[in-house]
Amino acid sequence: MNYSVSSTGETLALVPEEINSLVDNIRSVIFMDRIKLEYLLAAKVAGGHVILADSHGVGKTSLARALAGSIIWKAETVAAEEIAMDPFSRIQSTVDLLPQDIIGYSRLSGPENEVVFNKGPIFAHFVLCDEINLLTPKTQGSFFQAMEEQMVSIEGRTYPLPAPFFIIATMNLKGAHLFPLPAPQLDRFMIQLSLGFPSEEDEAAIIRQHGRTDGWERFKPTTASTDLLRWQAMVDEVAIHDDVIDYIVALVRATRNHPEVSIPASPRTGVKLSRLARALCLIRGRDYATLDTIKEIFIPAVAHRISLHDPDRPRDGVLKEILNSVPVDPRRRRL
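A brief report on the enclosed structure follows.

About the thresholds
- Residues numbered from 1 in each chain as written.
- Predicted model: local features only at pLDDT ≥ 70, side-chain atom pairs only at ≥ 80, totals over all residues.
- Heavy atoms only, no water.
- Buried < 20%, exposed > 50% of the residue type's maximum accessible area, 1.4 Å probe, protein only.
- Helix = DSSP H or I, 4+ residues; strand = E, 2+ residues; numbered from the N terminus.
- Pairing = 2+ DSSP bridges.
- 1 Å grid on protein atoms, 1.4 Å probe; cavity = no way out; pocket = protein on both sides within 12 Å on 5 of 7 lines; lining within 4 Å.
- Points joined across faces, edges and corners; volume = space filled by probe spheres on them.
- Nonpolar A, V, L, I, M, F, W, Y, C, P; charged D, E, K, R; others polar.

### So, the pairing of strand β9 (residues 166–172)
Most of β9 sits inside the fold, with seven of its seven residues counted as buried. Side chains Phe166, Ile168, Thr170 and Asn172 of β9 all project onto a buried face; the interleaved residues Ile167, Ala169 and Met171 project onto the opposite face, where all are buried too. Pairing of strand β1 (residues 50–54) with β9, which is carried by five bridges, proceeds in the parallel orientation. From the neighbouring strand, Ala53 faces β9, where its bridge partner is Met171. By the bridge criterion, four bridges tie strand β6 (residues 124–130) to β9 in an arrangement that is parallel. Looking at β9, one finds that Leu128 is bridged to Ile168.

See the structure below:
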């Protein structure tokens, strides 16, 4: 199915209203900052994946459930190609999970010893990997190809993972038996978000609604899966000026010159940052990416991609220094 932005911009003008409907539906059961929810949806629309890194019990899993549950899955979206995709799957991470528990495995079946493939939970349009840093490095690695190439290779065969394909990985910041994600794995996530603790007013509302067994009773899907595909196709139609690209490059390269940065941002960072910015502008009704949008998303899109010599220093602080030191005006950058 081919989607494009109409020359009159009428199709583009519909997107913010459609996104608002999805946002309102999610926020009917999840009490969270709207801007952060826009970032998460922009990552989805951009074709990226998200880490929700926070303390336990703040609603990370419920948010993923609300997003997946807001989608009306059309038959053409979940139709089988080689292997049928499930609408949603949840992987509850434990230290004893193996790669085949994620991607699947083949087995012999019946009197003819026919080879049958048992698909893993990676074969879903929305995959929630709960507490990903409980997985061993070997099992974490089973996500690499799926996240970068949207396919998996199993026992010599390669299987596609048709769009939409979206991974939300939750990660507790403190706890025992944690296996930190290596830099190459983190670099494949488009953005890392923290929900944080709710306001006093929201916390009271959470208790009123979810202190009952029917807190989700009225929650229904509102957005067609084909809309997700349409929005994703429209991102390429959002213009990005050379000046904006040059600013992205200057910011990324500044991470390589900062004395406190031990592992700087990779070239992939600029690609993901530009696409995230265009997706965010799309869902806000703009047909071009702005410098202000780059500045707005720079920290949540880059902080998880760098490492510092002093691991106890917040990476946000270093990135703020970079934002403050890199001029927006390209003429000043050449001085």
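### Brief notes about the layout of surface pockets
The computed volume of the largest pocket comes to approximately 930 Å³. Put simply, the parts of the chain that give the lining of the largest pocket at least two residues each are α2 (34–45), β9, α8 (183–186), β10 (191–193), α13 (291–302), β13 (307–308) and α14 (315–325). Its residues assigned to classes, the lining of the largest pocket shows 18 nonpolar, six polar and seven charged. In this model, the second largest pocket occupies a volume close to 410 Å³. Ranked by the residues each element gives to the lining of the second largest pocket, the list is headed by helix α9 (residues 200–210), at four residues. Within the lining of the second largest pocket, the residues separate by chemical class into ten nonpolar, six polar and four charged.

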